[in-house]
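Observations on the model geometry
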Amino acid sequence: MNYSHEPVLLKETLTNLIYDKSGSYLDCTFGLGGHSKKILENLNSDGSLYSIDKDKEVKHYANLIKDERFNFQTSTFSNISSLFSKKTMNGVLFDLGVSSLQLDKPERGFSFMREGELDMRFDNSSGMSAKEWINTASEKELADVFYFLGEERKSRQYAKKIIQARKDTNISSTKNLAELFKPKGFQKKHPATNIFRGIRILINNEFEELKKGLISAIKVLKDRGILAVISFHSAEDRIVKNFFKKDYKIFFEGINLKNVNKIKPSKEEKLTNPRSRSAILRIGEIEYVS
Ligand SMILES: C[S@@+](CC[C@H](N)C(=O)[O-])C[C@H]1O[C@@H](n2cnc3c(N)ncnc32)[C@H](O)[C@@H]1O
């Protein structure tokens, strides 16, 4: 199967991120390379792009890019500052969430629309899978994850449902889990949406990784460097918004994040790329003041 990922807020990202076509840029979320390929197209012959992704399957797609200016490593946000030297990047991009490669492959277990083993790990070679977690977590743990990470208002009710279902059988596939939350008639949003998202965030430790990634990004950015982050839901965006506004000050003295901007997709993009509907791009410029 040919996987393709329509990059979100592409034009807006390129316009705001690339201010020096001969500079060095870092894409922390290569995915299927949608943003990376376009960044390369926009750089001069002496510019360079470094990309990373935690998902080991991604390397295959990165290797298809034959360009001396491009360098890929399988790694995570929390490793950025050990992979790259301080103050070397002109721009750093995070396009958060799941790629089509992960979502469209049933066996990765990310989507309630596709029957597959409940896995949900970005790096499926290590750590606990969603299947292991959902079959062992306590009722309180389940409810907390659904509420705090999935922002699900019926978290307690849904946790009870899972504990009840576990008495009869293991929940081992996406279908087993989704069927517990069948829509009643027409519902704009499938009732399992928040449950799946909450579990995915937990399994991949996404919020901690994001916080560490943002701190590391500042370390590797040069004076005037641009930090660009695309988020897809309110809990994720809250972390990014607070970081741009004030949280970076906890970790850095003598640095300002200025010209902070928030950009949403156009009506046209929302129509042609439904995945962009909830996207928010936040941009800021690093200023060394001492
Ligand atoms: C939305 S996709 C990126 C899509 C990409 N911009 C494109 O246009 O093809 C997000 C990617 O980030 C990766 N990712 C998520 N968390 C990560 C982390 N902590 N470290 C490295 N990569 C991560 C996922 O594996 C996924 O491939």
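Residues numbered from 1 in each chain as written. Predicted model: local features only at pLDDT ≥ 70, side-chain atom pairs only at ≥ 80, totals over all residues. Heavy atoms only, no water.

**A closer look at the overall build of the protein chain**
Scanning the protein chain from N- to C-terminus turns up 13 helices and 7 strands. Here the C-alpha radius of gyration of the protein chain, 20 Å, is about what a compact globule of 290 residues would show, namely 19 Å. When its C-alpha atoms are laid out on the principal axes, the protein chain stretches across 60 × 45 × 40 Å. Classification of the 290 residues of the protein chain by burial places 54% in the buried group. Look at the contacts in the protein chain between residues 6 or more apart in sequence, and 68% of them connect residues 24 or more apart. Within the structure as shown, the protein chain displays about 14500 Å² of accessible surface, and the carbon and sulfur contribution to it stands at 47%. Taking the average location of the 49 positive side-chain charges in the protein chain and that of its 38 negative ones, the two points are 5 Å from each other. (Helix = DSSP H or I, 4+ residues; strand = E, 2+ residues; numbered from the N terminus. Rg over C-alpha atoms; globule rule 2.2 N^0.38 Å. Buried < 20%, exposed > 50% of the residue type's maximum accessible area, 1.4 Å probe, protein only. Contact = heavy atoms within 4.5 Å. Areas by Shrake-Rupley, 256 points an atom, 1.4 Å probe, with all protein chains shown as cover. Lys, Arg positive; Asp, Glu negative; His and termini not counted. Charge placed at Lys NZ, Arg CZ, Asp CG, Glu CD.)

**Re the packing of aromatic side chains**
For the coordinates displayed, the defined rule picks out 9 aromatic pairs. Plain terms: the ring middles of Tyr 158 and Phe 181 are 4.6 Å apart, the flat faces sit at 50° to each other, and that makes the pair tilted. Note that Tyr 158 is positioned in helix 8 (residues 155-168) and Phe 181 in the loop between helix 9 (174-178) and helix 10 (193-203), a separation of 23 residues in sequence. Residue classification places Phe 181 among the buried positions, given a relative accessible area of 2%. Every member of this aromatic cluster is reached through a ring pair, and the members are Phe 30, Phe 70 and Phe 72. Over the face of the ring belonging to Tyr 288 we find Lys 87, whose NZ or CZ atom lies 4.2 Å from the ring centre. (Phe/Tyr/Trp six-rings, centres within 6.5 Å; stacked < 30°, edge-to-face > 60°. Lys NZ or Arg CZ within 6 Å of the ring centre and 35° of its normal.)

**As for the pattern of salt bridges**
Counted under the stated rule, the structure contains 18 salt bridges. Between Glu 57 and Arg 108 there is a salt bridge, and its shortest N-O distance comes to 3.2 Å. Residue Glu 57 is located in the loop between strand 2 (48-53) and helix 3 (58-62), and its partner Arg 108 is located in the loop between helix 5 (100-103) and helix 6 (130-136); the two are separated by 51 residues in the primary sequence. Of the residues examined, Glu 57 reaches a relative accessible area of 23% and is grouped as partly exposed. On the basis of relative accessibility, which here comes to 2%, the residue Arg 108 falls in the buried class. (Salt bridge = Lys/Arg side-chain N within 4 Å of Asp/Glu carboxyl O.)

**A few points about the side chain of Asn 273**
Within the secondary structure layout, Asn 273 lies in the loop between helix 13 (267-272) and strand 7 (280-288). Relative accessible area serves as the criterion here: at 8%, Asn 273 is assigned to the buried category. Among residues more than four places away in sequence, those in contact with Asn 273 are Glu 6, Pro 7 and Val 8.

**A word on the site of the ligand**
Taken together, the neighbourhood of the ligand is formed by 24 residues, with His 35, Asp 53, Asp 95, Gln 102 and Glu 209 sitting nearest. In the model, a nitrogen atom of the ligand is placed 3.1 Å from a nitrogen or oxygen of the Phe 77 main chain. With respect to the ligand, the side chain of Asp 95 contributes an N or O atom lying 2.7 Å from a nitrogen atom. Computed on the free molecule, the ligand has an accessible area of 610 Å², of which 98% lies beneath the protein chains in the complex. Partitioned by chemical class, the residues of the shell around the ligand number 8 nonpolar, 11 polar and 5 charged. (Near = heavy atom within 4 Å. Polar contact = N/O pair within 3.5 Å; in protein donor to acceptor, adjacent residues only side chain to side chain. Nonpolar A, V, L, I, M, F, W, Y, C, P; charged D, E, K, R; others polar.)

**Observations regarding the nonpolar core**
Considering soluble globular proteins, one finds that nonpolar side chains tend to be buried as a cluster. Grouped together as the largest cluster of nonpolar side chains are 59 residues, with contacts concentrated most on Val 92, Phe 94, Phe 146, Leu 177, Ile 199 and Leu 227. The element contributing the most residues to this core is helix 11 (residues 206-220), with 7 residues. Here this core spans two domains, since at least three of its residues come from each of domain 1 (10-100 + 206-288) and domain 2 (123-203). Apart from the residues within four sequence positions on either side, Ile 199 is in contact with Met 120, Ala 130, Trp 133, Ile 134, Val 145, Phe 146 and Leu 177. In terms of nonpolar packing, the next biggest core, distinct from the first, is built from 30 residues, Leu 10, Leu 17, Val 58 and Leu 281 among them. (Core = buried A, V, L, I, M, F, W, Y, C linked by side-chain atoms within 4.5 Å. Domains from an automatic or database assignment.)

**A closer look at the pairing of strand 5 (residues 221-231)**
Counting buried positions over the 11 residues of strand 5 gives 8, a clear majority of the element. Where strand 4 (residues 89-95) lies against strand 5, 6 bridges are found, and the strand directions are parallel. Within strand 5, the position partnered with Phe 94 by the bridge is Val 229. Sheet analysis places strand 5 next to strand 7, joined by 6 bridges and oriented antiparallel. (Pairing = 2+ DSSP bridges.)

**Structural notes on a positive patch on the surface**
Taken together, the side chains of Lys 241, Lys 245, Lys 262, Lys 264 and Lys 270 make up a positively charged region of the molecular surface. Tracing the backbone through its elements, the reader meets Lys 264 in the loop between strand 6 (255-263) and helix 13. (Patch = residues over 30% accessible without salt bridge, like charges linked within 9 Å, V, L, I, M, F, W, Y side chains within 5 Å.)

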